[in-house]
Amino acid sequence: MLMGEKKGEKVYVNPELGEVQVISLGDCPICGGKNTLKAIQHIHEIPYFGKVMESTIICEKCGYRNADVMILEDRPPKLYTVKVEEEKDLFTRVVRSKSGTIELEEIGVKIEPGPASEGFITNVEGVLERVRETLLMAREFRKQEGDEEAVKKADEILQYIEDVKEGKKPLTVKIADPLGNSALIGEKVKSRLLTEEEIQKLSLGPYQIVNPEELEEQKEVKGGDKTSEESGEEKKELSGK
């Protein structure tokens, strides 16, 4: 392993793992810990896909954590689909960034990005496990409220997930990303470009698309305001006030 160091940054290069950067970000905005916030960036190659960067921001004091995934190659916004029909399909790789929307068609589950969403790299089985854990918590909450219908629905979905894992029932998995930073990777995966209408309907999560023309207009407006103020000052000087 090779290691380099810059001011506030350490770089590790492992032939098997790829490049790992540890960057000091200063104080934690959550707990106020002094110099406890760090970013860990792991750059590596996914076979038959390309380079990706997994980035995790973590506080060493309070444990605050936020993760994201970025594809380091220019990829257009796409919809990826895979039909899980047997156990080996569960190993289909899932690359999900903060702006990626995952849909599990047969069980009516959609994972949409929000302000606090996280990116991850896993496989279909890992996604099902995340959904299962969330459902179990929601089921317990509904049970305490006495919502028997919601509990019954949760049980049905949980059973379907178990059947999918055992290869007894099919599941269509989809992932779409308006920024092109998410994907499914596997032999059975199909993909197509997203339409402009589909892109507009998808959530960007914590991200925001900035139009360069709008930025220029804002600069011009600010510049105009400044000129008006300066003109006002010049008038005062000329009037002797």
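Everything here concerns the structure above.
Residues numbered from 1 in each chain as written. Predicted model: local features only at pLDDT ≥ 70, side-chain atom pairs only at ≥ 80, totals over all residues. Heavy atoms only, no water.

*Asks:* Give me the packing of helix α1 (residues 124-145) against helix α2 (residues 148-165): which residues, what numbers.
*Replies:* Between α1 and α2, whose axes approach to 9 Å, the crossing angle comes to 160°. The orientation of α1 relative to α2 falls into the category roughly antiparallel. α2 is crossed by α1, and the crossing has left-handed handedness. On the side of α1, the interface is formed by L128, E129, V131, R132, L135, L136, R139, R142 and K143, while α2 contributes A150, V151, A154, D155, I157, L158, I161, E162, V164 and K165. Residue composition of the contact of α1 with α2, grouped by class: 11 nonpolar, no polar and eight charged. (Axes fitted to C-alpha atoms, helices over the stretch in contact; angles between N-to-C directions. Helix = DSSP H or I, 4+ residues; strand = E, 2+ residues; numbered from the N terminus. Parallel < 35°, antiparallel > 145°, perpendicular 65-115°, else oblique. Left-handed = near helix turned anticlockwise from the far one by under 90°. Contact = heavy atoms within 4.5 Å. Nonpolar A, V, L, I, M, F, W, Y, C, P; charged D, E, K, R; others polar.)

*Asks:* Any chance you could break down unusual backbone geometry for me, citing the residues and the numbers?
*Replies:* Phi at N35 is positive, roughly 55°, even though this residue is not glycine. As for its position among the elements, N35 is in the loop between β3 (18-26) and β4 (37-46).

*Asks:* Describe the pattern of salt bridges, and please don't skip the residues or the numbers.
*Replies:* Taken as a whole and assessed by the stated rule, the structure comprises 15 salt bridges. Two residues, K168 and E166, come together in a salt bridge whose shortest N-O distance is 2.9 Å. Classification of K168 as exposed rests on a relative accessible area of 60%. The exposure class assigned to E166 is partly exposed, which follows from its relative accessible area of 45%. Counted as one network, the salt bridges with shared partners bring together E85, D89 and K188. (Salt bridge = Lys/Arg side-chain N within 4 Å of Asp/Glu carboxyl O. Buried < 20%, exposed > 50% of the residue type's maximum accessible area, 1.4 Å probe, protein only.)

*Asks:* How would you summarise the packing of aromatic side chains if you had to cite specific residues and measurements?
*Replies:* On inspection of all chains with the given rule, the structure shows zero aromatic pairs. One residue, R130, lies across the ring of F120, its end atom 3.8 Å from the ring centre. (Phe/Tyr/Trp six-rings, centres within 6.5 Å; stacked < 30°, edge-to-face > 60°. Lys NZ or Arg CZ within 6 Å of the ring centre and 35° of its normal.)

*Asks:* Describe the sheet that holds strand β13 (residues 183-185), with residues and values.
*Replies:* Strand order in the open sheet formed by three strands is β11-β8-β13, and the pairing between neighbours is antiparallel. Each having just a single partner strand, β11 (120-123) and β13 make up the two edges of the open sheet. Direction aside, the axes of adjacent strands within the sheet are offset by 20° on average. With three bridges connecting them, strand β8 (residues 93-96) and β13 associate as antiparallel partners. Bridge assignment links V94 to a residue of β13, and that residue is L184. Docked against the sheet, α1 engages β8 and β11, running at close to 105° with respect to β11. (Pairing = 2+ DSSP bridges.)

*Asks:* Any details on the sheet that holds strand β10 (residues 109-111)? Residues and values, ideally.
*Replies:* Spatial strand order, β10-β9-β12-β7-β14: five strands in an open sheet with antiparallel pairing. Each edge of the sheet is formed by a strand with only one pairing partner; in this case those strands are β10 and β14 (190-193). Across the sheet, the mean angle from the axis of one strand to that of its neighbour is 15°, orientation sign disregarded. Across the sheet, α1 is in contact with β7 (78-84), β9 (101-104), β10 and β12 (171-176); its angle to β9 comes to roughly 85°.

*Asks:* Describe in detail the state of the cysteines, supporting the description with residues and values.
*Replies:* According to the stated counting rule, one finds zero disulfides in the structure shown. Not part of a disulfide, C28 finds its nearest cysteine sulfur in C59, a span of 3.7 Å. Residue classification places C28 among the buried residues on the basis of a relative accessible area of 3%. Here C31 is not disulfide-linked; the sulfur of C62 is the nearest cysteine sulfur, at 3.7 Å. The class of C31 is partly exposed, set by a relative accessible area of 31%. (Disulfide = S-S within 2.5 Å.)

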